[in-house]
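An overview of the molecular structure
So you can see what is in the structure, the chains are spelled out below.
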Amino acid sequence: GCEAIGEELARTLAETPELRHVLTFTDGLHLNGAAYTRGLARGLPAGVTASGGLASDGTHFTATGIGVDGPPLEKRIAAIGFYGDVVVATGSSGGWEAFGPERLVTGSTGVEVFSLDGERALDVYCRYLGALASELPGSALLFPLSLSSPDGGPTVVRTILGVDFEKG
């Protein structure tokens, strides 16, 4: 899967000595970015950093692609290894604020969430979106999900990449 792809790519780049950083971009619709990143981190030598992003087509959620020396193609990954005496600095910023009560994910598989507190997740989400629910999945970019682990791990923010109205 995506984790194995990330790990294999990292190991390939690390075959050349003095790898310092990996810059990578992936197709945003067909690849589980969190799993890919876990694999990439597992395959990189200690002290090697990585950064990058996922391709997007705005609010359309129909096609994304990555291009290197040619037109962008779906289901592609681009990675650049930086070797030797290089300095890499990264940063990020977000502007979302949490709202609504904390809920328990009671039904999910992999990256799909089906129920929150025993209720269809899409019904709960649409109730909060109000009039913006008619603009899904695009309007979901404005209202990502904040997830925390019961074991006290770090809170993560995940955007919604698609909506299955039938499954909820």
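Now for a description of the structure that goes with this document. Values in this document were obtained by computation on a predicted structure and should not be read as measured data.

One number sums up the size of the second largest pocket: a volume of about 990 Å³. Along the wall of the second largest pocket there are 29 residues; nearest its centre are Pro 101, Arg 103, Leu 145, Ser 146 and Leu 147. Broken down by secondary-structure element, the contributors of at least two residues to the lining of the second largest pocket are β5 (112-116), α3 (121-129), β7 (145-147) and β8 (156-158). Top element by residues in the lining of the second largest pocket is α3. It accounts for four residues. Partitioned by chemical class, the residues of the lining of the second largest pocket number 21 nonpolar, five polar and three charged.

The sheet contact formed by strand β1 (residues 19-26) and strand β3 (residues 77-83) spans seven bridges and is antiparallel. Looking at the pairing, Leu 23 lines up with Ile 80 of β3. Here β1 pairs with strand β2 (residues 49-54) via six bridges, running parallel. Paired with Thr 24 across the strands is Gly 52, a residue of β2. Handedness of the β-α-β unit built from β1, helix α2 (residues 33-43) and β2 comes out right-handed.

With respect to topology, three strands assemble into an open sheet ordered β2-β1-β3, the strand pairing being mixed. The sheet is open, and its two borders are formed by β2 and β3, each paired with just one other strand. Neighbour-to-neighbour, the strand axes of the sheet open up by a mean angle of 15°, direction not taken into account. Against the sheet, α2 makes contact with β1, β2 and β3, and its axis sits at roughly 165° relative to β1, the strand it touches most.

What follows deals with the side chain of Ser 115. Tracing the backbone through its elements, the reader meets Ser 115 in strand β5. A polar contact of 2.9 Å, which involves the side chain of Ser 115, links it to the backbone nitrogen of Gly 107. Every residue in contact with Ser 115, bar those within four places of it in the chain, is listed here: Leu 104, Val 105, Thr 106, Gly 107, Arg 120 and Ala 121.

Thresholds applied
Residues numbered from 1 in each chain as written. Predicted model: local features only at pLDDT ≥ 70, side-chain atom pairs only at ≥ 80, totals over all residues. Heavy atoms only, no water. 1 Å grid on protein atoms, 1.4 Å probe; cavity = no way out; pocket = protein on both sides within 12 Å on 5 of 7 lines; lining within 4 Å. Points joined across faces, edges and corners; volume = space filled by probe spheres on them. Helix = DSSP H or I, 4+ residues; strand = E, 2+ residues; numbered from the N terminus. Nonpolar A, V, L, I, M, F, W, Y, C, P; charged D, E, K, R; others polar. Pairing = 2+ DSSP bridges. Right-handed = clockwise from strand over helix to strand, strands pointing away. Axes fitted to C-alpha atoms, helices over the stretch in contact; angles between N-to-C directions. Contact = heavy atoms within 4.5 Å. Polar contact = N/O pair within 3.5 Å; in protein donor to acceptor, adjacent residues only side chain to side chain.

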